[in-house]
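Below, each chain spelled out in residue letters.
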Amino acid sequence: MALLSVKDAAFAYDGLVVLSGVTFDVNPGDYLCIVGENGSGKSTLMKGLLRLVKPVRGSIRLGEGLSQDEIGYLPQQNLTQRDFPASVKEVVESGIRGKQLFLSHADRQRAQDMMDLLEISPFKHRSFMELSGGQRQRVLLARALCATGKLLLLDEPTAGLDPVVARDLYKLIEKINQEQGIAIIMISHDVHTAALYASTILHLRQTPLFYGKPDEYLNTYHGQCFAGGVCDV
């Protein structure tokens, strides 16, 4: 059974359907990248996966023993995150503290393991506010990983980062997927990167929605447009 199954889901705001016909499965170890034009419903779908909004039709179901509080989530960067008045270690451990009041030795070791994995241990006692954008994203990614060993949701994780830092973060995400076996669902505007790292791509707002392998997607009209072609979308 899949970790997560979305079947013919539709979402609406104020009675107006803004996204419909969404069907896909995410299995252990998958890497799904969600792409689409601005306003295509990417953020709405992410809210649906997080159970912040409910589909007006269809369903979103968890399987493989996965519970909602075992899903890690990295939102887009915002000013609140940048001004978080805590040390790197405290931010990472807060990914576990969200579930319980006191941390066990095993909890603290998991936080340390995630800091090692994301290569942020050397500055774990520094203030989060002093870090660069790329360092902050690594810290927040480590925090999200503390909450899960199965499924990680990422919303534009490289937004606002320079190309070199973004590339390094994508490589770390690939490492998490391949070496830790954690399934990834990532919203991205970078189709080239999506095709390079993802195992499956979901393109919203075209009819029908595309759901398939990256090489197949790049041969479609919308795939070629988003990869840099000249077209009307």
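Before reading on, note that the structure itself is shown above.
Structure report, in brief. These figures come from a predicted structure and were not determined experimentally. The numbers attached to residues start from 1 for each chain and follow its sequence in the written order. Selection of residues for local features in this predicted model requires a pLDDT of at least 70, selection of side-chain atom pairs for listing and counting requires 80 or more, and totals for whole chains, interfaces and linings are taken over all residues. Here the side-chain values reflect all heavy atoms present in the structure, with hydrogen atoms and water set aside.

So, the environment of Gly39
- Helix and strand labels come from DSSP, where a helix needs a run of H or I of at least four residues and a strand needs a run of E of at least two; each type is numbered from the N terminus. Within the secondary structure, Gly39 is located in the loop between strand 3 (31–35) and helix 1 (42–49).
- With 21 residues separating them in the primary sequence, Gly39 and Val18 have C-alpha atoms 8.7 Å apart.

Some words on helix 5 (residues 133–145)
- The first and last C-alpha atoms of helix 5 sit 18 Å apart over 13 residues, in line with the 18 Å expected at 1.5 Å per residue.
- Residue exposure (1.4 Å probe, protein chains only): buried if accessible area is under 20% of the type maximum, exposed if over 50%, otherwise partly exposed. With 11 of 13 residues buried, helix 5 is to be regarded as a mostly interior element.
- Regarding helix 5, the residues found buried are Gly133, Gly134, Arg136, Gln137, Arg138, Val139, Leu140, Leu141, Ala142, Ala144 and Leu145. The length a helix should cover is 1.5 Å for every residue beyond the first.

Considerations on the pattern of salt bridges
- We define a salt bridge as a side-chain nitrogen of Lys or Arg found within 4 Å of a carboxyl oxygen belonging to Asp or Glu. Taken as a whole, this structure holds 6 salt bridges when the rule is applied.
- Here Asp25 ties to Lys7 by a salt bridge, and the two come within 3.4 Å at their closest N and O atoms. Remark: Lys7 occurs in strand 1 (residues 4–13) and Asp25 occurs in strand 2 (residues 16–26); sequence separation between them is 18 residues.
- For the salt bridge of Arg126 with Glu130, the shortest nitrogen-to-oxygen distance reads 3.8 Å.
- Take Glu130: its relative accessible area is 53%, and that puts it in the exposed class.
- It is possible to trace a salt-bridge network through shared partners that takes in Lys89, Glu93 and Arg108.

Quick word on the packing of helix 5 against helix 6 (residues 163–180)
- At a minimum axis separation of 10 Å, helix 5 and helix 6 run at an interaxial angle of 15°. Judged by the inter-axis angle, helix 5 sits roughly parallel to helix 6. As for the relative orientation of helix 5 and helix 6, their crossing is right-handed in sense. Side by side, helix 5 and helix 6 meet where Gly134, Gln137, Arg138, Leu141 and Leu145 of the first sit next to Val165, Asp168, Leu169, Leu172, Ile173 and Ile176 of the second.
- Ten residues, namely Ala, Val, Leu, Ile, Met, Phe, Trp, Tyr, Cys and Pro, are considered nonpolar, four, namely Asp, Glu, Lys and Arg, are considered charged, and the remaining ones, Gly among them, are considered polar. Taken together, the residues of the contact of helix 5 with helix 6 sort by class into 7 nonpolar, 2 polar and 2 charged. Here, axes are lines fitted to C-alpha atoms. For helices the fit covers the stretch in contact, and angles between N-to-C directions go from 0 to 180 degrees. These descriptions rest on fixed angle ranges, namely under 35 degrees for roughly parallel, over 145 for roughly antiparallel, 65 to 115 for roughly perpendicular, and the rest for oblique. Working rule for handedness: look at the near helix, and if it is turned counterclockwise from the far one by less than a right angle, call the crossing left-handed; if clockwise, right-handed. The contact definition used throughout considers only heavy atoms, calling two residues in contact when any of these lie within 4.5 Å.

Quick word on helix 1
- The buried fraction of helix 1 amounts to 6 of the 8 residues, a majority that puts the element mostly inside the structure.
- If you check which residues of helix 1 are buried, you get Lys42, Thr44, Leu45, Met46, Gly48 and Leu49.
- One or two residues past the end of helix 1 sits Arg51, with phi positive at roughly 65°.

Some remarks on the pairing of strand 2
- Any two strands with at least two DSSP-identified bridges between them are counted as paired. Pairing analysis gives 7 bridges linking strand 1 to strand 2, with the strands arranged antiparallel. Residue pairing for strand 2: Ala9 is matched across the bridge by Val22.
- Hairpin connection from strand 1 to strand 2: 2 residues lie between these consecutive antiparallel strands, with Asp14 at a positive phi of about 55°.

Comments concerning the side chain of Ser40
- Secondary-structure assignment places Ser40 in the loop between strand 3 and helix 1.
- Overall, Ser40 belongs to the buried group, its relative accessible area being 1%.
- Definition of a polar contact: a pair of N or O atoms within 3.5 Å, with one able to donate and the other able to accept a hydrogen when the atoms are protein atoms, and with sequence-neighbouring residues admitted only if both atoms are side-chain atoms. Polar contacts involving the side chain of Ser40 include one to the main-chain carbonyl oxygen of Glu37, which spans 2.7 Å.
- The residues contacting Ser40, other than those within four sequence positions of it, are Val18, Leu19, Leu204 and Arg205.

None of the figures reported here should be taken as evidence of function without further support.
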